[in-house]
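Structure at a glance
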Amino acid sequence: MSSFAGRMREYPTISLDRFDKENLHARAYFLSHCHKDHMKGLKGPLLKRKLKFSLTVKLYCSPVSKELLLSNPKYVFWEKHVVALELESPTQISLVDEISGEKEDVMVTLLPAGHCPGSVMFLVEGDRGTVLYTGDFRLAVGEVSRMEFLHSGSRVKDVQSVYLDTTFCDPKYFQIPSREDCLDGIKELVRSWISISTYHVIWLNCKAAYGYEYLFTHLSEEFGCQVHVNNLDMFRKMPDILCHVTTNRATQIHACRHPTDEEFFRTSRLPCGMTGPDGTPLHIISVKPSTIWFGERSRRTSVVVKTGRSSYRACFSFHSSYSELIDFLLHLCPVNIHPNVIPVGRNVQEVKDILKPMCREYSGRTGIIYKPLGILKRARVDCTVEGTADSDSDSELFDDEELMPWRRKFPQSFQLLPLEAPDPEGAPRFVGGQPDMQEDQTPVLQPGSYMDCTESNDDDDEQEEEEFPDPAGPKGAERESPRWEAFFTAEQVMTDESSEPENSQNSRTHPAGETGSLSPKLFSDSDDDSNHDPTQSIPAPDPRSEAGGQDSVTGQ
């Protein structure tokens, strides 16, 4: 029994499966299927009066639900206001306030719910997020992953809220037999009974006026006889079902109903009479499809259980089991989950506590996680043609050697932070056996080992490189390690031949035969702030290192 009040928090101007009280002010209405607990207020006088003076208010549903609704004379006044939407076809709907003229557009997609003929789920997408209202539904495990419109390509849509059918959101309904299993059990019982004689009949004691058409059609096909029902009005425009039902009581399978179940119900009393057309007494057994009764059992039972001398129970459900609900929610991983039904023996808070671990916040996923399309770095394949050397080839892009980080030139206002002592186990080693840097040592920048950031607009860099001589001085002369103060001093100060002018780091050249990759990282350094220290520099190479050597220090 649905306890949904009709309004969604994200889109409060529409009402779903509830048409009374505050829902009378809605700009649009949605009907998931034609069961009474989802039609409260649909034929009320206040809503009927509203439709007389409204030009924009519509009721949206599936084509089958429209036919079922208008087949009942009580709802004929809706005829000009019902709009049938095709399944799995996104439709833009304008929600207009007839008083102020305010308008809000939403995209609505109807998805099959698997509950009964015409039942649908509503996927609403708009400026306030993506929301899914399930109505009553049953989807088998894994079926949600095959629903195209809950995905963008191969990715699950970012669903803000799910308004969920929680009829069996209770661990005691963890596993419910599929409809196919239940059908097989009922078929076996029917075959063993009606094969005795033509006066042995089966009565399907179905609670709802419709929803069991799955049983009717398959039993009719299996045994070649139509199923007796009270009337055919609701099936007039559904030929796939109409050919399997009849109002002729001269058949061995019945699904007719008592006028009032509570007053006339008897376990083996057939509503249409206890005798055949020729007056011969009928031998009747009743089969009552249900699920809650099986959920109360303390031991495992068969799909069909004998409960009396001539009565049986069959475990048949068109609501998702507990395990099916978990599979559905874990796949969507919505931010919020709102229960629409309170299971028997539970309260609202208990249901919310059960659903909480499936919410995105509590499931350990802070956002929708997508699987990568592939691994960018792959094994190097040597496809070089003899006599050619293409510097832009794929083999260089996916080089196995570590790429140098994209270095940014420090602005003059930059303050260098002291370097932390390296981790003894994971500290990078210098080429040529140079010792690790200590906290009080200043790193030396190597020209050409980094690339200026693209935001730099300084046009004087190249002139400075030509203006200042090699700061190394005469061969063999000792020189003091440069200090950062000298690098960022506004005025150029020359002391002696071992002293260095400002910006002298740009005037050094690579020793003969020394090469190094100048390629930037494939991704911006800003993405790896946690691993790369922007203040760390590449040390000067040891002149004794072999020609062609490459620095192995990285900021990672």
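In what follows, the accompanying structure is described. The structure displayed is predicted, hence computed values, not measured ones.

With that out of the way, let us pick up a negative patch on the surface. Taken together, the side chains of Glu180, Asp181, Asp184 and Glu188 present a region of like negative charge at the surface. For Asp184, the location among the structural elements is in helix α3 (residues 179–194).

Positionally, Asp20 belongs in the loop between β1 (14–16) and β2 (28–30). Taking the C-alpha atoms as reference points, Asp20 and Leu42, 22 residues apart in sequence, are found 7.5 Å from one another. The contact partners of Asp20, leaving out residues within four places of it in the chain, are Lys40 and Gly41. Polar contacts involving the side chain of Asp20 include one to the side chain of Arg18, which spans 2.9 Å.

Among all positions in helix α8 (residues 322–332), only Tyr322, Ser323, Glu324, Leu325, Phe328, Leu329 and Leu332 are buried. In this fold, the buried residues of α8 make contact with β8 (129–133), β10 (155–156), β11 (159–164), β19 (336–339) and α9 (348–355).

Right, let's get into the nonpolar core. Grouped together as the largest cluster of nonpolar side chains are 51 residues, with contacts concentrated most on Leu42, Leu59, Trp78, Leu204 and Phe216. Top contributing element to this core by residue count: α3, with six residues. Beyond its immediate sequence surroundings of up to four residues, Phe216 is in contact with Leu204, Cys206, Val227, Val229, His244, Val245 and Ala255. Phe149, Tyr322, Leu332 and Ile354 belong to the second-largest nonpolar core, a separate cluster that totals 27 residues.

In the structure shown here, the tally under the stated rule is 15 aromatic pairs. Ring geometry for Tyr29 against Trp78: centres 6.4 Å apart, planes inclined by 80°, an arrangement best described as edge-to-face. Here the residue Tyr29 occupies a position in strand β2, and Trp78 occupies one in the loop between α2 (63–70) and β4 (82–84), the gap between them amounting to 49 residues. No difference in accessibility class separates Tyr29 from Trp78, as the two residues are buried. Aromatic rings pair up to connect Phe19, Tyr29, Phe77 and Trp78 into one cluster.

This part is about the packing of α3 against helix α4 (residues 213–223). In the contact formed by α3 and α4, the axes pass within 11 Å of each other and the chain directions differ by 45°. In this view, α3 runs oblique relative to α4, as classed from their interaxial angle. Pair α3 / α4 crosses with right-handed handedness. Contacts from Arg179, Glu180, Leu183, Ile186, Lys187, Val190, Arg191 and Ile194 in α3 reach Tyr214, Leu215, His218, Leu219, Glu222 and Phe223 in α4. Looking at the contact of α3 with α4 residue by residue, the class counts come to eight nonpolar, one polar and five charged.

Here we have seven strands laid out as an open sheet, ordered β14-β13-β15-β12-β16-β18-β17, and mixed in their pairing. Strand pairing shows two members of the sheet lacking a second neighbour, β14 (245–246) and β17 (304–306), which therefore form its edges. One ladder, built from two bridges, connects strand β12 (residues 200–204) with strand β15 (residues 253–254); its direction is parallel. Residue pairing across strands places Trp203 opposite His254, the latter belonging to β15.

Attention now goes to the environment of Pro357. Here Pro357 lies in the loop between α9 and α10 (394–397). Given the relative accessible area of 43%, Pro357 is considered partly exposed. Distance from Pro357 to Leu329, taken between C-alpha atoms, is 9.9 Å for residues 28 residues apart in sequence.

Below, the discussion takes up the side chain of Thr134. Secondary-structure assignment places Thr134 in the loop between β8 and β9 (151–152). A polar contact of 2.9 Å, which involves the side chain of Thr134, links it to the backbone nitrogen of Asp165.

Once that is clear, we can look at the pattern of salt bridges. In total, this model carries 13 salt bridges according to the counting rule given. Salt-bridge contacts for Lys237 lead to Glu67; the nearest nitrogen and oxygen are separated by 3.5 Å. Pair noted here: Lys237 is in the loop between β13 (227–228) and α5 (239–242) and Glu67 is in helix α2, with a separation of 170 residues, a long-range link. For Glu67, a relative accessible area of 28% translates into the label partly exposed. We note a salt bridge from Glu350 to Arg346, for which the minimum N-O separation is 4.0 Å. Residue classification places Glu350 among the partly exposed positions, given a relative accessible area of 30%.

A few words on unusual backbone geometry. Positive phi outside glycine occurs at Glu88, with the angle close to 55°. Counting through the fold element by element, Glu88 comes out in the loop between β4 and β5 (91–96). Although it is not a glycine, Cys333 adopts a positive phi angle of roughly 50°. For Cys333, the position within the fold is in the loop between α8 and β19. Given the relative accessible area of 2%, Cys333 is considered buried.

If a strand is regular, its side chains alternate between the two faces of the sheet. Here strand β7 (residues 120–126) lies mainly inside the structure; five of its seven residues are buried. Note that strand β6 (residues 103–112) and β7 share six bridges and pair antiparallel. Residue pairing in the sheet places Val108 in a bridge with Val124 of β7. Pairing of β7 with β8, which is carried by five bridges, proceeds in the antiparallel orientation. Bridging across to β8, Gly126 finds its partner in Gly129. Connecting β7 to the antiparallel partner β8 that follows it, the hairpin turn spans two residues.

Cut-offs used in this document
- Residues numbered from 1 in each chain as written.
- Predicted model: local features only at pLDDT ≥ 70, side-chain atom pairs only at ≥ 80, totals over all residues.
- Heavy atoms only, no water.
- Patch = residues over 30% accessible without salt bridge, like charges linked within 9 Å, V, L, I, M, F, W, Y side chains within 5 Å.
- Areas by Shrake-Rupley, 256 points an atom, 1.4 Å probe, with all protein chains shown as cover.
- Salt bridge = Lys/Arg side-chain N within 4 Å of Asp/Glu carboxyl O.
- Lys, Arg positive; Asp, Glu negative; His and termini not counted.
- Charge placed at Lys NZ, Arg CZ, Asp CG, Glu CD.
- Helix = DSSP H or I, 4+ residues; strand = E, 2+ residues; numbered from the N terminus.
- Contact = heavy atoms within 4.5 Å.
- Polar contact = N/O pair within 3.5 Å; in protein donor to acceptor, adjacent residues only side chain to side chain.
- Buried < 20%, exposed > 50% of the residue type's maximum accessible area, 1.4 Å probe, protein only.
- Core = buried A, V, L, I, M, F, W, Y, C linked by side-chain atoms within 4.5 Å.
- Phe/Tyr/Trp six-rings, centres within 6.5 Å; stacked < 30°, edge-to-face > 60°.
- Axes fitted to C-alpha atoms, helices over the stretch in contact; angles between N-to-C directions.
- Parallel < 35°, antiparallel > 145°, perpendicular 65-115°, else oblique.
- Left-handed = near helix turned anticlockwise from the far one by under 90°.
- Nonpolar A, V, L, I, M, F, W, Y, C, P; charged D, E, K, R; others polar.
- Pairing = 2+ DSSP bridges.

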